[in-house]
Amino acid sequence: MSLFTNAMCGVIMSYIDQKETEVQMMTKKLKRMTGIAILAALIISTSGCQFGDGEPLFEVTTGELAYEDTEAEIEVTTEETTEATTEVTTETTEKPTEATTEATTEEITEEATEETTEEAVEDGDWCLILVNKDNPVPEDYEVKLTDLTNGNQVDSRIYPKLQEMFDDARSYGMDLFVREGYRTREDQQSIMDNRVEAYEAEGYSEEEAIEFAKQYVAEPGTSEHELGISVDINANNDVSDDDTIYTWLDENAYKYGFIKRYPENKIDITGINNEPWHYRYVGLKAAQEMKDMDLCLEEYLDYLSENE
């Protein structure tokens, strides 16, 4: 019996030792899991994580979302504006500077006007009115204006041909825009005043400043922009260069009834420095004849008078 008892006691003690070892291992595992759980809880509590049905895992502030949405809206608006329009604007009769592309590049389009589908008005005396330093805008002159998409305006009678000219230029891969159309007398006076002040700031006397300004800016009442049938055209320099646009206009504008109003070889007659961006509508017949005979508007009117 003693031998059997001793053997059973040995087996029991061995079993107990094994279980103690397993318990110790389980305890260690529980300790490790408890530590991990505590660490995870700390991370969650400090990171802004949220759990629940339908709740976000990470909280995002409204300000951040609004900022991203605003950027998306700006990008979409810019793309749509660029596809839809042609920009129109100028400050003086000097060479127009490149338009800022915040705007965009607004274009002349048929959607830009009130009555763009109307037929072109028959050319007549209205498109041959002479306006210069010696011939102010007639007191009884009236103009019906068409609004362009950027808020500028042109005489409604020239719009169809202006649109046609722009469409054809673009078909050759050129990107051009009108920087200025119709201008009020008040606008013209403001431009003149600003130019005079700029020259005075450079040290010129008032008299000298006025004389210099007159070389580039028409006096109020003597600007063709007040007629609404002249436009300043320039290139979108992100796509085209000025010289390419000016060359194309010089070679083709007459086909649409427009002439380069102040060419370099006519300065002594027009009294205005060369302006390759300034185009005036005179009608198809007159533009063709002026192009063929290399005449400016002053010369052409003399020619018509002599050949009546």
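Bear in mind the structure is a predicted one, so any value in this text is a computation, not a measurement.

(A) Broad picture of unusual backbone geometry. Of note in the backbone geometry, Asp 294 takes a positive phi value of approximately 55° without being a glycine. Here Asp 294 is to be found in the loop between helix H8 (284–293) and helix H9 (297–306).

(B) Main features of the sheet that holds strand E4 (residues 230–235). Within the open sheet, the four strands sit side by side as E3-E4-E6-E5. Their pairing is antiparallel. Each edge of the sheet is formed by a strand with only one pairing partner; in this case those strands are strand E3 (176–180) and strand E5 (258–262). Looking at each pair of strands side by side, their axes are set apart by 45° on average, direction ignored. Relative to E4, E3 runs antiparallel, the two sharing four bridges. Its bridge partner lying in E4, Phe 177 is registered against Asn 234. Running at roughly 140° to E4, helix H6 (residues 242–252) makes contact with E3, E4, E5 and strand E6 (275–281) of the sheet.

(C) Summary view of helix H4 (residues 185–201). Over its 17 residues, H4 extends 24 Å from the first C-alpha to the last, a length consistent with the 24 Å expected when each residue adds 1.5 Å. Taken together, the buried positions of H4 are Gln 188, Ile 191, Met 192, Arg 195, Val 196 and Tyr 199. For H4, the angular spread of buried residues about the axis comes to 130°, placing them on one side. Among the exposed residues of H4, those pointing more than 90 degrees away from its buried face are Glu 186 and Ala 201. The inward-facing, buried residues of H4 abut helix H5 (206–214). Just downstream of H4 lies Gly 203, where phi reads positive at about 110°.

(D) The packing of H8 against H9, seen in detail. The interhelical angle for the contact between H8 and H9, taken along N-to-C directions, is 105°, at an axis separation of 11 Å. Overall, the two elements H8 and H9 adopt an arrangement that is roughly perpendicular. Contacts between H8 and H9 involve Lys 285, Ala 286, Glu 289, Met 290 and Met 293 from the first element and Leu 297, Tyr 300 and Tyr 303 from the second. When the residues that make up the contact of H8 with H9 are grouped by side-chain class, the tally is six nonpolar, no polar and two charged.

(E) Region of the structure containing the pattern of salt bridges. Across all of its chains, the model carries 15 salt bridges by this definition. We note a salt bridge from Arg 170 to Asp 167, for which the minimum N-O separation is 3.5 Å. Of this pair, Arg 170 and Asp 167 both sit in helix H3 (residues 159–171), three residues apart, which is roughly one turn of that helix. The salt bridge partner of Arg 183 is Glu 180, with a shortest N-O separation of 2.8 Å. We note that Arg 183, like Glu 180, is buried.

(F) Region of the structure containing the nonpolar core. Residues Met 165, Val 231, Ile 233, Leu 249 and Phe 258 are the most contacted members of the largest nonpolar core, which totals 32 residues. Elements that contribute at least two residues to this core include exactly H3, E3, E4, H6 and E6. By residue number, the principal contributor to this core is H3, which donates five residues. With residues up to four places along the chain from it excluded, the contact list for Leu 249 reads Met 165, Leu 176, Ile 233 and Tyr 279.

(G) Fine view of the side chain of Ser 230. Residue placement: Ser 230 occurs in strand E4. Those residues in contact with Ser 230 that sit more than four places away from it in its chain are Glu 180, Gly 181, Glu 224, His 225, His 278, Tyr 279 and Arg 280.

(H) Seen up close, a negative patch on the surface. A cluster of acidic residues, Asp 193, Glu 197, Glu 200, Glu 206, Glu 207 and Glu 208, forms a negative patch at the surface. Elements that contribute at least two residues to the negative patch include exactly H4 and H5. Its location among the elements puts Glu 207 in helix H5. By relative accessible area, which is 63% here, Glu 207 ends up exposed.

(I) Structural detail: the confidence of the model for the protein. Residues with a pLDDT of 70 or more make up 61% of the protein, whose mean pLDDT is 75. Contacts from residues 39–106, a stretch scored under 50 in pLDDT, to residues over four places away or in other chains number 107 contacts. Scored below 50 in pLDDT, residues 110–118 makes 19 contacts in the model with residues more than four places away or belonging to other chains.

What counts, and where the lines are drawn
- Residues numbered from 1 in each chain as written.
- Predicted model: local features only at pLDDT ≥ 70, side-chain atom pairs only at ≥ 80, totals over all residues.
- Heavy atoms only, no water.
- Helix = DSSP H or I, 4+ residues; strand = E, 2+ residues; numbered from the N terminus.
- Pairing = 2+ DSSP bridges.
- Axes fitted to C-alpha atoms, helices over the stretch in contact; angles between N-to-C directions.
- Contact = heavy atoms within 4.5 Å.
- Expected span 1.5 Å × (residues − 1).
- Buried < 20%, exposed > 50% of the residue type's maximum accessible area, 1.4 Å probe, protein only.
- Arc of directions from axis to C-beta.
- Parallel < 35°, antiparallel > 145°, perpendicular 65-115°, else oblique.
- Nonpolar A, V, L, I, M, F, W, Y, C, P; charged D, E, K, R; others polar.
- Salt bridge = Lys/Arg side-chain N within 4 Å of Asp/Glu carboxyl O.
- Core = buried A, V, L, I, M, F, W, Y, C linked by side-chain atoms within 4.5 Å.
- Patch = residues over 30% accessible without salt bridge, like charges linked within 9 Å, V, L, I, M, F, W, Y side chains within 5 Å.
- Areas by Shrake-Rupley, 256 points an atom, 1.4 Å probe, with all protein chains shown as cover.
- Lys, Arg positive; Asp, Glu negative; His and termini not counted.
- Charge placed at Lys NZ, Arg CZ, Asp CG, Glu CD.
- pLDDT = per-residue confidence, 0-100.

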